[in-house]
There are 2 protein chains.
Amino acid sequence: MYPNFISHIRKYVELDDHTVARLNQYISPLKLKRKEFLLKEGQICQSIYFVEKGCLRMYFIDDKLNEQITQFALEHWWMVDHFSFQDNKPSSYFIQTIEKSEILAINTSSFESMLRELPQMERYFRIIMQRALAAAQLRNKYMYEMSKEEFYQHFSTSFPEFAQRVPQYMIASYLGLTPQYVSELRKKKL
Amino acid sequence: MYPNFISHIRKYVELDDHTVARLNQYISPLKLKRKEFLLKEGQICQSIYFVEKGCLRMYFIDDKLNEQITQFALEHWWMVDHFSFQDNKPSSYFIQTIEKSEILAINTSSFESMLRELPQMERYFRIIMQRALAAAQLRNKYMYEMSKEEFYQHFSTSFPEFAQRVPQYMIASYLGLTPQYVSELRKKKL
DNA sequence: AAAAAAAATTAAGCTGGTTTAAGAAATGTT
DNA sequence: AACATTTCTTAAACCAGCTTAATTTTTTTT
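Residues numbered from 1 in each chain as written. Chains lettered and ligands numbered in written order. Predicted model: local features only at pLDDT ≥ 70, side-chain atom pairs only at ≥ 80, totals over all residues. Heavy atoms only, no water.

1. Digging into the domain arrangement of chain A
All names here are of chain A.
So, step 1. Looking at chain A, the domain boundaries give domain 1 (3–144) and domain 2 (146–190).
So, step 2. The C-alpha-based centres of domain 1 and domain 2 are spaced at 25 Å.
So, step 3. Residue-level contacts link 18 residues of domain 1 with eleven residues of domain 2.
So, step 4. Between domain 1 and domain 2 the total buried area reaches about 1400 Å² when both faces are included, carbon and sulfur atoms providing 62% of it.
So, step 5. For the interface between domain 1 and domain 2, the tally reads two salt bridges.
So, step 6. Counting every contact that joins domain 1 to domain 2 gives seven residue pairs in polar contact (both at pLDDT 80 or more).
So, step 7. Listed by contribution, the elements that provide at least two residues to the side of domain 1 that touches domain 2 are β5 (67–73) and α5 (119–145).
So, step 8. Per-element accounting of the side of domain 1 that touches domain 2 gives the leading share, six residues, to β5.
So, step 9. Its residues assigned to classes, the side of domain 1 that touches domain 2 comprises nine nonpolar, four polar and five charged. (Domains from an automatic or database assignment. Contact = heavy atoms within 4.5 Å. Buried area = accessible area lost by both parts, 1.4 Å probe. Salt bridge = Lys/Arg side-chain N within 4 Å of Asp/Glu carboxyl O. Polar contact = N/O pair within 3.5 Å; in protein donor to acceptor, adjacent residues only side chain to side chain. Helix = DSSP H or I, 4+ residues; strand = E, 2+ residues; numbered from the N terminus. Nonpolar A, V, L, I, M, F, W, Y, C, P; charged D, E, K, R; others polar.)

Have a look at this one:
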């Protein structure tokens, strides 16, 4: 049905066939073209999104009217504005496809019912959130210890798949650099 | 028994008296003086720590031999090197008391058994990790949109309790500033 | 209370990375 | 194939925040 979704969950918890069938009740699949929005600034983030196929970015508009990208999501990553989703508050972010994508959405009330009905899913989300925290802690450490140049080199060697799929200026934005500076760094490396 | 601990959990899930009694099986209370260590670089982070009373910091030693603080924890906050704790890998952090503290520790295997025995605790940790992610996402946004000066002003007005309990140079380190620059900012504000 | 250690301040010079402004190259669309 | 749009590059001037180094103030220990 949604092979990436189910196999991702099965990496962390056991799922019998009945549970898989029940899961489908809670999921809304979405087919989106390039540059379509799942969330816009001012809206409440009503769903948590799983990338079955494709690629998403999350960004906000800063005081100089730049699009500041704070997150990407490729296949089998989750994307959500946690603050807005948890407390039903208006988001300050946009969530947009970078490519044609297949997304699974679980809205607030489905999420709640699903976790109550299926304890494996409560466990699954505890585990992946714990892993997301580990990742956030590591990224944070990198930001303390690396210069922007090192941060860029580290990112582009650690995650070369992004350079294939995401324009350079978006990577620059995500890393907190100007596109001009990234251009300079690339020239330097050749 | 551990009033802050129990009341914190009860903010998020229901606990009956039996469960509270069972919980105690998994917890090791620690009384620590000022500047004692719960974790040192190279060790595996074997426990997740709850601050019942007092104050902790987490830091690593950077390439210039500075202590780079990445986290504080006051009463009813959790502290852990997620990466080390989850994958049993040597930590690159130190966790140390800033003041005399009372800490509750749950080690890796207790944590696992506790979550298996007490589904409320699985739920509790899913919720607090989700909230921690929301907080991390927010902090991250601040780092993109604020100058270091704004970041400092924002932190010191939003969390004045830290200025009371934590030396200024530690706050500077946590915010990624030099103590000299913080000094300059304070002078400017008066 | 004195000595030692830790923390905070001051000030001058410097640098990593930004800003501004054009132009060139690549990609998407008709 | 031509046009329009998006993305990338180049270069010079600039500045927020760091480095270095010395002094002062505060806190801790004896």
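Picking up after the structure, the text goes on.
2. Some thoughts on the packing of helix α6 (residues 148–158) of chain A against helix α8 (residues 168–175) of chain A
Residue and element names in this part refer to chain A.
So, step 1. Running from N to C, α6 and α8 point in directions that differ by 125°, and their axes come no closer than 11 Å. Relative to α8, α6 is oriented oblique. Handedness of the α6/α8 crossing: right-handed. Contacts between α6 and α8 involve Phe151, Tyr152 and Phe155 on the former and, on the latter, Ile171, Tyr174 and Leu175. (Axes fitted to C-alpha atoms, helices over the stretch in contact; angles between N-to-C directions. Parallel < 35°, antiparallel > 145°, perpendicular 65-115°, else oblique. Left-handed = near helix turned anticlockwise from the far one by under 90°.)

3. Remarks on the protein's contact with DNA strand D
So, step 1. Taken together, 17 residues lie near DNA strand D, and Gln168 and Tyr169 of chain A together with Lys148, Gln180 and Tyr181 of chain B sit nearest.
So, step 2. Backbone atoms, meaning sugar plus phosphate, form 76% of the atoms of DNA strand D positioned within 4 Å of the protein.
So, step 3. A distance of 2.8 Å separates a phosphate oxygen of DNA strand D from a polar backbone atom of Tyr169 of chain A.
So, step 4. A distance of 3.2 Å separates a base oxygen of DNA strand D from a polar side-chain atom of Gln180 of chain B.
So, step 5. Every element with two or more residues in the surface near DNA strand D is listed here: α8 and α9 (179–189) of chain A together with α6 (148–158) and α9 (179–189) of chain B.
So, step 6. Ranked by residue count, the leading element in the surface near DNA strand D is α9 of chain A, at four residues.
So, step 7. Looking at the surface near DNA strand D residue by residue, the class counts come to four nonpolar, seven polar and six charged. (Near = heavy atom within 4 Å.)

4. Describing the sheet that holds strand β8 (residues 101–107) of chain B
One key point about sheets: their strands pair by backbone hydrogen bonds, in either a parallel or an antiparallel sense.
Residue and element names in this part refer to chain B.
So, step 1. One open sheet holds the four strands; their spatial order is β1-β8-β3-β6, and the pairing between them is antiparallel. Each edge of the sheet is formed by a strand with only one pairing partner; in this case those strands are β1 (28–32) and β6 (78–79).
So, step 2. Inspection of the sheet shows β1 paired to β8 by five bridges, in the antiparallel sense. Looking at β8, one finds that Leu32 is bridged to Ser101.
So, step 3. Contacting β3 (47–53), β6 and β8, helix α1 (residues 3–10) runs over the sheet at an angle of about 105° to β3. (Pairing = 2+ DSSP bridges.)

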